[in-house]
Amino acid sequence: MSNHQRLDDGMRWRIVGRLEAGQSQVQICREFNLTPSVVCNLGKQFQDTGSIERKFGQGRPRATTAIEDRYLSIIARRNRGATASQLSRDLYAAT
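Predicted, not measured: the structure shown is a model, and the values here were computed from it.

**What about helix 3 (residues 36–49)?**
Part 1 of the argument: Helix length check: helix 3, at 14 residues, gives a terminal C-alpha distance of 20 Å against a target of 20 Å (1.5 Å per residue), a fit within 8%.
Part 2 of the argument: Among the residues of helix 3, those classed as buried are Val39, Leu42, Gly43, Gln45 and Phe46. In an axial view of helix 3, the angular spread of the buried residues amounts to 160°, which keeps them on one side of the axis. For helix 3, exposure combined with an orientation more than 90 degrees from the buried face picks out Pro36, Gln47, Asp48 and Thr49.
Part 3 of the argument: Considering only its buried residues, helix 3 is in contact with helix 1 (9–21) and helix 2 (25–32).
Part 4 of the argument: Looking one or two residues beyond helix 3, the residue adopting positive phi is Gly50, at roughly 75°.

Here you go:
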C-alpha cells in the first residue's frame, strides 16, 4: 500500500498562496507534511500555466474501446489457443 495521496484544490491553492506570500518551500513542506518535490512542482506548474489543475489524458491512448475489449475476451475464451494476432484479425474482421 502506498502513502500516495491526492491534494484537493483547496490545499493546492493554500500552498500556492503561501509561495506567493514568500514563505519558503521548506516551511510549507513541514506545515502540510509534504515532500519538497510536491511543493516545488506545484509552484512551477502555477508559474508556467497560472493554474493548479491536474493534467488528465496523459499516457498512450487506448487502441480498443470497451466494446472491443469485451468482444476480444469472448473470442479468447472460446478459442483458448488463439494468438494475439489471430484475435486482432478476428476483431477487425467483425468490425
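**Quick look at helix 1**
Part 1 of the argument: Its 13 residues place the ends of helix 1 18 Å apart at the C-alpha level, agreeing with the 18 Å of an ideal helix rising 1.5 Å per residue.
Part 2 of the argument: Along helix 1, the positions that sit buried rather than exposed are Met11, Arg12, Ile15 and Val16. Down the axis of helix 1, the sector holding all buried residues measures 135°, keeping them to one side. Facing away from the buried surface of helix 1 by more than 90 degrees, the exposed residues are Glu20 and Ala21.
Part 3 of the argument: A positive phi of about 100° marks Gly22, the residue just after helix 1.

**Some thoughts on the pattern of salt bridges**
Part 1 of the argument: As enumerated under the stated definition, the model contains two salt bridges in all.
Part 2 of the argument: A salt bridge links Arg18 to Glu31, with the nearest nitrogen and oxygen atoms 2.1 Å apart. Here Arg18 is found in helix 1, whereas its partner Glu31 is found in helix 2, with 13 residues between them in sequence.

**Topic: the side chain of Gln45**
Part 1 of the argument: Tracing the sequence through the fold places Gln45 in helix 3.
Part 2 of the argument: Within polar-contact distance, the side chain of Gln45 engages the backbone oxygen of Glu53 at 2.6 Å.
Part 3 of the argument: With residues up to four places along the chain from it excluded, the contact list for Gln45 reads Arg12, Gly50, Ser51, Ile52 and Glu53.

**A closer look at the packing of helix 2 against helix 3**
Part 1 of the argument: Where helix 2 contacts helix 3, the two axes come as close as 9 Å, and the packing angle between them is 120°. As summarised for this structure, helix 2 and helix 3 are arranged oblique, according to the angle between their axes. The chirality of how helix 2 crosses helix 3 is right-handed. Note on element contacts: helix 3 touches helix 2 through Pro36, Val39 and Cys40, opposite Gln25, Ile28 and Cys29.

**A short note on the environment of Trp13**
Part 1 of the argument: Its location among the elements puts Trp13 in helix 1.
Part 2 of the argument: The partly exposed category is assigned to Trp13, whose relative accessible area is 45%.
Part 3 of the argument: The contact partners of Trp13, leaving out residues within four places of it in the chain, are Phe46 and Ile52.

The rules behind these values
Residues numbered from 1 in each chain as written. Predicted model: local features only at pLDDT ≥ 70, side-chain atom pairs only at ≥ 80, totals over all residues. Heavy atoms only, no water. Helix = DSSP H or I, 4+ residues; strand = E, 2+ residues; numbered from the N terminus. Expected span 1.5 Å × (residues − 1). Buried < 20%, exposed > 50% of the residue type's maximum accessible area, 1.4 Å probe, protein only. Arc of directions from axis to C-beta. Contact = heavy atoms within 4.5 Å. Salt bridge = Lys/Arg side-chain N within 4 Å of Asp/Glu carboxyl O. Polar contact = N/O pair within 3.5 Å; in protein donor to acceptor, adjacent residues only side chain to side chain. Axes fitted to C-alpha atoms, helices over the stretch in contact; angles between N-to-C directions. Parallel < 35°, antiparallel > 145°, perpendicular 65-115°, else oblique. Left-handed = near helix turned anticlockwise from the far one by under 90°.

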